[in-house]
Amino acid sequence: MAGKLKLYYDFMSQPSRALYIFLSKNGIPFERCPVALRKFEQKSPEYKKNVNRFGKVPCIVEDDFHLAESVAIVRYICQKYDVPSYWYQTNNSIGQARIDEYLSYQHLNIRADVSLYFFYVWLNPLTGKSVDQEKAARLRARLDKGLNFFEQVLLNNGNKPFLTGDQFTYADLSAACEIEQAKIAGYNPCSSDRPHLSNWMAAVRERTNPFYDEAHKLVYRLTPEHIPTPAVPADDD
């Protein structure tokens, strides 16, 4: 019998949040193994040797099997565990190809657009680095362009409720977790110019709660007050 699945994650990591929500929503038992990115625990020799040779999160461990990269992990989970087929369109080769198409696109587009802005505008000042306003404006313009494309083309101006059509999939969850990150840097992705993206974000949250809110508590806490965030219960402590 295989050992219990362990998930190594940090809620400041977008793919960590997506994977945590995915496992929790599907009732897959796993041991929670938080990793403090702010302390660079993922870069320690012990972590690289015993958990993830790439020095990143998320990562899963089952006995002697170690697997990194969230997309690879989701594919593995969908093959091994009893997961509803809609998550990865396991019974539909074309539908699955559309999910893979978006997840392949995301890494150098939506994920990069959000991450570059987030790191430069929000994280750099925390480490004592100055922010050049012209560069910040360029990164914001790139993020605007990426999310406008998301609104107008990927969601087809509201003609598609989800990224690959009428069915919610893991592509939607992964994308939403990426876009949420921009809020911490004071950027509101759900502006009045993107009503379809706003509706889609709300739909993804509704489909995956209460775990979506659980995974995003820190994001909501760090989001500036001028950007609307959903009300979530306070921590017990």
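Cut-off values and rules
- Residues numbered from 1 in each chain as written.
- Predicted model: local features only at pLDDT ≥ 70, side-chain atom pairs only at ≥ 80, totals over all residues.
- Heavy atoms only, no water.
- Helix = DSSP H or I, 4+ residues; strand = E, 2+ residues; numbered from the N terminus.
- Rg over C-alpha atoms; globule rule 2.2 N^0.38 Å.
- Buried < 20%, exposed > 50% of the residue type's maximum accessible area, 1.4 Å probe, protein only.
- Contact = heavy atoms within 4.5 Å.
- Lys, Arg positive; Asp, Glu negative; His and termini not counted.
- Charge placed at Lys NZ, Arg CZ, Asp CG, Glu CD.
- Disulfide = S-S within 2.5 Å.
- Expected span 1.5 Å × (residues − 1).
- Axes fitted to C-alpha atoms, helices over the stretch in contact; angles between N-to-C directions.
- Parallel < 35°, antiparallel > 145°, perpendicular 65-115°, else oblique.
- Left-handed = near helix turned anticlockwise from the far one by under 90°.
- Nonpolar A, V, L, I, M, F, W, Y, C, P; charged D, E, K, R; others polar.

Chemist: Quick rundown of the overall build of the protein? Include the residues and the values.
Modeler: A tally of helices and strands in the protein yields 10 helices and four strands. In the protein, the succession of α and β elements from N to C terminus is β-α-β-α-β-β-α-α-α-α-α-α-α-α. Relative to its length of 237 residues, the protein is compact, with a C-alpha radius of gyration of 18 Å against a globular reference of 18 Å. When the backbone C-alpha atoms are referred to their principal axes, the protein occupies close to 55 × 45 × 35 Å. For the protein, buried positions account for 46% of its 237 residues. Residue pairs at least 24 apart in sequence account for 64% of intrachain contacts in the protein once pairs closer than 6 positions are excluded. Considering the protein, the positive charge centre built from 29 side chains and the negative charge centre built from 28 side chains are found 4 Å apart.

Chemist: Can you explain the state of the cysteines? Please cite residues and give values.
Modeler: Within this structure, the stated rule accounts for zero disulfides. Cys59 takes part in no disulfide bond, and the closest cysteine sulfur to it belongs to Cys33, at a distance of 9.7 Å. Given a relative accessible area of 0%, Cys59 falls into the buried group. Looking at Cys190, it has no disulfide partner, and the nearest cysteine sulfur is the one in Cys177, 13 Å off. Judged by its relative accessible area of 25%, Cys190 falls in the partly exposed class.

Chemist: Lay out helix α1 (residues 14-25) with the relevant residues and their values.
Modeler: If you check α1, its first and last C-alpha atoms are 17 Å apart, about what 12 residues at 1.5 Å a residue would give, namely 16 Å. Where burial is concerned, most of α1 is hidden: 11 out of the 12 residues are buried. Here α1 has its buried residues at Gln14, Pro15, Ser16, Arg17, Ala18, Leu19, Tyr20, Ile21, Phe22, Leu23 and Ser24. Downstream of α1 by one or two residues, Gly27 has phi in the positive range, about 65°.

Chemist: Quick rundown of the packing of α1 against helix α7 (residues 170-180)? Include the residues and the values.
Modeler: In contact at an axis separation of 8 Å, α1 and α7 are set at 140° when each is read in the N-to-C sense. Considered as vectors, α1 and α7 are oriented oblique to each other. For the pair α1 and α7, the sense of crossing is right-handed. Two secondary-structure elements touch here, α1 through Gln14, Pro15, Arg17, Ala18, Leu19, Ile21 and Phe22 and α7 through Tyr170, Leu173, Ser174, Cys177, Glu178 and Glu180. When grouped by side-chain class, the residues that make up the contact of α1 with α7 number eight nonpolar, two polar and three charged.

Chemist: Tell me about unusual backbone geometry, residues and numbers included.
Modeler: In this model, Val57 is joined to Pro58 through a cis peptide bond whose omega is 0°. Cis geometry is found at the peptide bond from Asn209 to Pro210, where omega equals 10°. In this structure, Pro210 sits in the loop between α8 (195-208) and α9 (211-215). Unlike most non-glycine residues, Phe40 shows phi in positive territory, near 60°. Positionally, Phe40 belongs in the loop between β2 (30-34) and α2 (45-50). In this model, Asn156 sits at a positive phi of 50°, which is unusual for a non-glycine residue. Here Asn156 lies in the loop between α6 (133-154) and α7.

Chemist: Run through the environment of Gln106, naming residues and quoting values.
Modeler: One can find Gln106 in helix α4 (residues 93-106). Relative accessible area serves as the criterion here: at 6%, Gln106 is assigned to the buried category. The spacing of Gln106 and Tyr76 is 30 residues in sequence and 20 Å in space, taken between C-alpha atoms. In this view, Gln106 contacts Arg111, Ala112, Ser174, Ala175 and Glu178; residues no more than four positions away in its chain are not counted.

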